[in-house]
Amino acid sequence: MAKYLLLLAALMCASVANADNSKAHAPTVVGADGFKEPLSKLKFNPGLDQREFERSSLTALNVYDPLESWNRRVYHFNYRFDQWVFLPVVDGYRYVTPSFLRTGVSNFFNNLGDVPNLLNSLLQLKGHRSLETTGRLLVNTTLGVAGLWDPATSMGLPRQSEDFGQTLGFYGVPGGAYLVLPILGPSNLRDTGGLLVDYSAESQINFLNVSEVSSNHPEIWALRAVDKRYQTSFRYGQMNSPFEYEKVRYIYTESRKLQIAE
Amino acid sequence: MLRSLRCAALLGSLFLSASALAVDIDQASYGFPLTNPFEATIATTPPDLRPSLPSNDEINQSDYTLNMRPEREFSLPDNFWAVKKLTYRIAKQDHAAPLIFLISGTGARFDSSINEYLKKLYYQAGYHVVQLSSPTSFDFMSAASRFATPGITQEDAEDMYRVMQAVRAQNASLPVTDFYLSGYSLGALDAAFVSKLDETRHSFNFKKVLLLNPPVNLYTSITNLDRLVQTEVKGINNTTTFYELVLNKLTRYFQQKGYIDLNDALLYDFQNSKQHLTNEQMAMLIGTTFRFSAADIAFTSDLINRRGLIIPPKYPITEGTSLTPFLKRALQCDFDCYLTEQVIPMWRARSDGGSLLQLVDQVSLYALKDYLHASPKIAVMHNADDVILGPGDLGFLRQTFGDRLTVYPLGGHCGNLNYRVNADAMLEFFRG
């Protein structure tokens, strides 16, 4: 009998120990004035002396950035260029073109970009993604009239960008030093190399003859740059912090890791 | 007998007049899907329950700058060049219309996502809209704030009022019929003080003022926010920091989904996936964003006033100077630290002493109780599960505003502002 009692007691202890001790499922107590006290749903560190925010943030600031002084100057140059040249041009572009034309331009250049996307998906042996991107290229180049329309996305083939920097990362090449490129923005050694490879691959393949034509017609390059800025929602100053450089650096580094892992 | 009847009648009428009850929205008929206050705060309303709004292309808007503090051109370091003038955004109707000022919340710039949303909502309804940065925002502190030590709400409101007057002067040819004012979170507290200021200065004679989720006791609010990073989060250990934990979850979520797709529904979808965050993790995330705001405020205020707490007063700063060591120091300072190290000493020096309690009384809604009680043009919308409130705060609002207070049962902190029901109520208030 005593043995059973002991067993029972042990079981009960164990269940107490295993019980989810968060307060998420505690009933909400509504105060006399209708206040629901949301903080009562949280389990706090009893001493309120946890330094996890500080630990996480200080660790996150460790990004390899030996060229920081140079990078910061380029960052400020880009900020000014963006405010004084790039964005006014984009605004002008937005002003003189109807919306469907801008969408067409974006689709056209995105379709060109699907070529390196496909190459890099293949290089990373991502079969499913390569098939989807091939499908996109076929559908958009034919049905979408050289990519001016994007029927593939509505057919369930979303655009999935892959570049050579990601391919290198996929095979374990580390990012290397953080770099801020003039006009192009945040990057690192690996991704800058990847950018060059993607660029030369594109001019070798000469898809839809665009690379060849644009070597004689720099305005195509200009349009492509304006379209790229038009499609990028990032605005300098948007983070509204004296530490925007650090924040952009961290976000760039982590988002690249995420793109590589995915 | 007759006398007692008379007494009863008197008492009854007294009770009736005092008990203009707040509008409490019933949870069942409200229909807001997120019952978790932290989830609502982070993800806000699911996209298909939001009102339909115009795109930016359809809005006639532009950004202007104001030179409010010309001396800052010389006193601020080079790498602050972008915030030596104050930027604001104005969306103009092509006909005479009422104009509404929108004030952002803690640390947020004029183009914060909530301000952008409110702009679209009011622009669509036919208002000119001016979006303003919060007095706690980095750009406002450097370009428009006289003391660059936000927190004394009265002073912040005076800075804000000057900015509004300058905006009006810069757009003098814009045909405006009436002026309205609104703000969310800390911006709502600022709006209340600005409205009070306008009663004596009469530059705008605001016709209606709407406060969205204001803090009642500012000290309670910052204590709550500081506490959010003290939650016990599962999954953090010696090798995994909190950010890594969240990023790992995000990576796994995208891997399961098969591709990266950043859109409005992302957070909502993420919370419905296997990788969803627990209450403690969400609280930590909200607390983290506020700690970064606190760090920005503490650093900027210290730098502009040359207090030497975070950055040595004569430290040479050029565009190439690394600010990372100062970010590391500023990160250690939460709102409470900023208050005790910077706000209180300055306030004491300028106002012959005074205790923390007096300061809290002066900078919170308490300071305006009589004014708010007697001004039928001011209304409040708040949520019963808002994390910036403490016990008794809703009671204060009920007493002060009576039937001009609407309490929504759900929504967390500002999470239901973009819910269709709330959008209709906000428009209806200004229309009525």
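Residues numbered from 1 in each chain as written. Chains lettered and ligands numbered in written order. Predicted model: local features only at pLDDT ≥ 70, side-chain atom pairs only at ≥ 80, totals over all residues.

## A short note on the overall build of chain A
On a plain count of helices and strands, chain A comes out with eleven helices and two strands. Its helices and strands taken in sequence order, chain A reads α-α-α-α-α-α-α-β-β-α-α-α-α from the N to the C terminus. For 262 residues, the compact-globule estimate of 2.2 N^0.38 gives 18 Å, and chain A exceeds it by more than 25% at 26 Å. Dimensions of chain A, computed from C-alpha atoms along their principal axes, come out at roughly 95 × 45 × 45 Å. The burial tally for chain A puts 27% of its 262 residues in the buried class. Put simply, 62% of the contacts in chain A that link residues at least 6 apart link residues at least 24 apart. (Helix = DSSP H or I, 4+ residues; strand = E, 2+ residues; numbered from the N terminus. Rg over C-alpha atoms; globule rule 2.2 N^0.38 Å. Buried ≥ 20, exposed ≤ 12 C-beta atoms within 10 Å, placed from the backbone. Contact = placed C-beta atoms within 7 Å.)

## Re the packing of helix H7 (residues 153–170) of chain B against helix H8 (residues 186–201) of chain B
Residues and elements named next belong to chain B. Running from amino to carboxyl end, H7 crosses H8 at an angle of 65°, the nearest separation of the two axes being 9 Å. Judged by the angle between their axes, H7 and H8 are roughly perpendicular. Read as a crossing pair, H7 and H8 show a hand that is right-handed. Contacts from Thr-153, Gln-154, Asp-156, Ala-157, Glu-158, Met-160 and Tyr-161 in H7 reach Leu-189, Asp-190, Phe-193, Val-194, Leu-197 and Arg-201 in H8. Residues belonging to the contact of H7 with H8 are distributed by class as follows: seven nonpolar, two polar and four charged. (Axes fitted to C-alpha atoms, helices over the stretch in contact; angles between N-to-C directions. Parallel < 35°, antiparallel > 145°, perpendicular 65-115°, else oblique. Left-handed = near helix turned anticlockwise from the far one by under 90°. Nonpolar A, V, L, I, M, F, W, Y, C, P; charged D, E, K, R; others polar.)

## Describing the domain arrangement of chain B
All names here are of chain B. For chain B, the assigned domains are domain 1 (19–216 + 364–431) and domain 2 (226–344). On the side of domain 2, 25 residues touch domain 1, which itself brings 21 residues to the contact. Considering every element that reaches the side of domain 1 that touches domain 2, the biggest residue donor is helix H3 (residues 37–43), with five residues. In terms of residue class, the side of domain 1 that touches domain 2 is built from eleven nonpolar, eight polar and two charged. (Domains from an automatic or database assignment.)

## Details of the interface of chain B and chain A
At the junction of the two partners, chain B supplies 59 residues and chain A supplies 48 residues. For the side of chain B that touches chain A, the secondary structure elements donating two or more residues are helix H6 (138–143), helix H9 (218–227), helix H10 (242–257), helix H12 (279–305), helix H13 (324–330) and helix H17 (393–401) of chain B. In terms of residue count, the dominant contributor to the side of chain B that touches chain A is H12 of chain B (nine residues). When its residues are assigned to classes, the side of chain B that touches chain A shows 25 nonpolar, 19 polar and 15 charged.

## Some remarks on the pairing of strand S4 (residues 97–103) of chain B
Residue and element names in this part refer to chain B. In terms of burial, S4 is a largely internal element, five of the seven residues being buried. Judged from the six bridges that link them, S4 and strand S6 (residues 176–184) form a sheet pairing that is parallel. Bridge assignment links Leu-102 to a residue of S6, and that residue is Ser-182. With five bridges connecting them, S4 and strand S5 (residues 128–132) associate as parallel partners. Considered in S5, the bridge of Ile-103 is made with Leu-132. Crossover handedness for the path S4 to helix H5 (residues 113–124) to S5: right-handed. (Pairing = 2+ DSSP bridges. Right-handed = clockwise from strand over helix to strand, strands pointing away.)

## A look at the sheet that holds S6 of chain B
Residues and elements named next belong to chain B. In space, the nine strands of this open sheet follow the order S1-S9-S8-S7-S6-S4-S5-S3-S2, with mixed pairing throughout. Two strands bound the open sheet, and with one partner strand each, they are strand S1 (23–24) and strand S2 (61–66). As paired elements, strand S7 (residues 208–212) and strand S8 (residues 378–383) share four bridges and run parallel to each other. By the bridge assignment, Leu-211 is partnered in S8 with Val-380. Most of the contacts of H5 go to S5, to which it runs at about 170°, and overall it touches strand S3 (86–91), S4, S5 and S6. Running over the sheet, H7 touches S2, S3, S4 and S5 and is turned about 120° from S2.

## So, the packing of helix H4 (residues 99–123) of chain A against helix H8 (residues 189–205) of chain A
All names here are of chain A. Their axes nearest at 10 Å, the elements H4 and H8 cross at an angle of 110°. Between H4 and H8, the angle is such that the two are roughly perpendicular. Classified by chirality, the crossing of H8 by H4 is right-handed. Contacts between H4 and H8 pair Val-115, Pro-116 and Leu-119 from the former with Asp-198, Ala-201, Glu-202 and Ile-205 from the latter. Looking at the contact of H4 with H8, its residues break down into five nonpolar, no polar and two charged.

## Remarks on H7 of chain B
Every α-helix winds through 3.6 residues per turn, so residues three or four apart in the chain are directed the same way. Residue and element names in this part refer to chain B. For H7, spanning 18 residues, the distance from its first C-alpha to its last is 25 Å, which sits close to the expected 26 Å at 1.5 Å a residue. The complete set of buried residues in H7 reads Thr-153, Glu-155, Asp-156, Ala-157, Asp-159, Met-160, Val-163 and Met-164. Looking at the buried side of H7, the elements it contacts are S2, S3, S4, S5, H8 and helix H15 (356–363). (Expected span 1.5 Å × (residues − 1).)

## Let's talk about the environment of Lys-41 of chain A
All names here are of chain A. Take Lys-41: it is sitting in the loop between helix H1 (2–18) and helix H2 (52–60). Here Lys-41 falls in the buried class, since 21 other C-beta atoms lie within 10 Å of it. Along the backbone, Lys-41 and Val-173 are 132 residues apart, and their C-alpha atoms lie at a distance of 44 Å.

## With respect to the confidence of the model for chain B
All names here are of chain B. Looking at chain B as a whole, the pLDDT averages 92, with 96% of positions reaching at least 70. Considering only residues more than four positions removed or in separate chains, one finds that residues 11–18, a stretch of pLDDT under 50, has zero contacts. Interface confidence in the predicted complex, given as ipTM, is 0.89; pTM for the same model is 0.90. (pLDDT = per-residue confidence, 0-100.)

## A short note on the nonpolar core
Residue and element names in this part refer to chain B. Leu-132, Ala-192, Leu-211, Ala-295, Ala-298 and Ala-330 are the most contacted members of the largest nonpolar core, which totals 132 residues. Ranked by residues supplied to this core, first place goes to H12 with 13 residues. When residues are assigned to domains, this core turns out to be shared by domain 1 (19–216 + 364–431) and domain 2 (226–344), each giving three or more. Those residues within four positions of Ala-295 in sequence are excluded, and the remaining contacts are Leu-327, Ala-330, Leu-331 and Cys-333. (Core = buried A, V, L, I, M, F, W, Y, C linked by C-beta atoms within 7 Å.)

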